[in-house]
Amino acid sequence: QVQLVESGGGSVQAGDSLRLSCAVSGRSFNAYAWFRQREFVASTSWGGASTDYADSVKGRFTISRDNASNTVYLQMNSLKPEDTGVFYCSASRRIGRFTRLDLYGSWGQGTQVTVSS
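About the criteria used
Residues numbered from 1 in each chain as written. Predicted model: local features only at pLDDT ≥ 70, side-chain atom pairs only at ≥ 80, totals over all residues. Heavy atoms only, no water. Helix = DSSP H or I, 4+ residues; strand = E, 2+ residues; numbered from the N terminus. Buried < 20%, exposed > 50% of the residue type's maximum accessible area, 1.4 Å probe, protein only. Disulfide = S-S within 2.5 Å. Pairing = 2+ DSSP bridges. Axes fitted to C-alpha atoms, helices over the stretch in contact; angles between N-to-C directions.

1. Considerations on unusual backbone geometry
And step 1. Of note, N70 is a non-glycine position whose phi angle comes to about 55 degrees, a positive value.
And step 2. By secondary structure assignment, the location of N70 is in the loop between strand 7 (61-66) and strand 8 (71-76).
And step 3. Taking relative accessible area as the criterion, N70 reaches 36% and is therefore assigned partly exposed.
And step 4. Here the phi dihedral of S78 falls at roughly 50 degrees; this positive angle occurs in a residue that is not glycine.
And step 5. You can see S78 is positioned in the loop between strand 8 and strand 9 (85-92).

2. Let's talk about the state of the cysteines
And step 1. According to the stated counting rule, one finds one disulfide in the structure shown.
And step 2. Two residues share a disulfide in this structure: C22 and C89, whose sulfurs sit 2.1 Å from each other. Taking the sign of the S-S torsion, about -80 degrees here, the bridge from C22 to C89 comes out left-handed. Here C89 lies in strand 9 and C22 lies in strand 3 (residues 18-25), a separation of 67 residues in the sequence.
And step 3. Judged by relative accessible area, which is 0%, C89 ranks as buried.

3. So, the sheet that holds strand 1 (residues 3-7)
And step 1. Taken together, the four strands give an open sheet; going across it, the order is 1-3-8-7, and neighbouring strands pair in antiparallel fashion. The outermost strands of the open sheet, each flanked by one partner alone, are strand 1 and strand 7. Averaged over all adjacent pairs, the angle separating strand axes in this sheet is 15 degrees, with direction ignored.
And step 2. Where strand 1 lies against strand 3, five bridges are found, and the strand directions are antiparallel.

Spelled out as structure tokens, the structure:
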């Protein structure tokens, strides 16, 4: 059974940092992404060498993956109130990296991030 389990969300002040984790089990995937609600945030291809970011998070967020532990991370620095939302980890067996929500077939349950000013 495929499972993606996010953790690491919370309530922080503007300017703080959080690291989200997504533990993947059940199968291997080629591409991973993070979405905030239905809005694309970041994606990475197999191996993690190729990444994409939404313009709103470039320079502040970093997506990475540890294939040995099947975990995907989203390091979020300099958080802003507009980053608030439920963050979802998603996975695709397609080769490459994608920003479209409909190209990811597996999803976690989400983790809440709240940034106050």
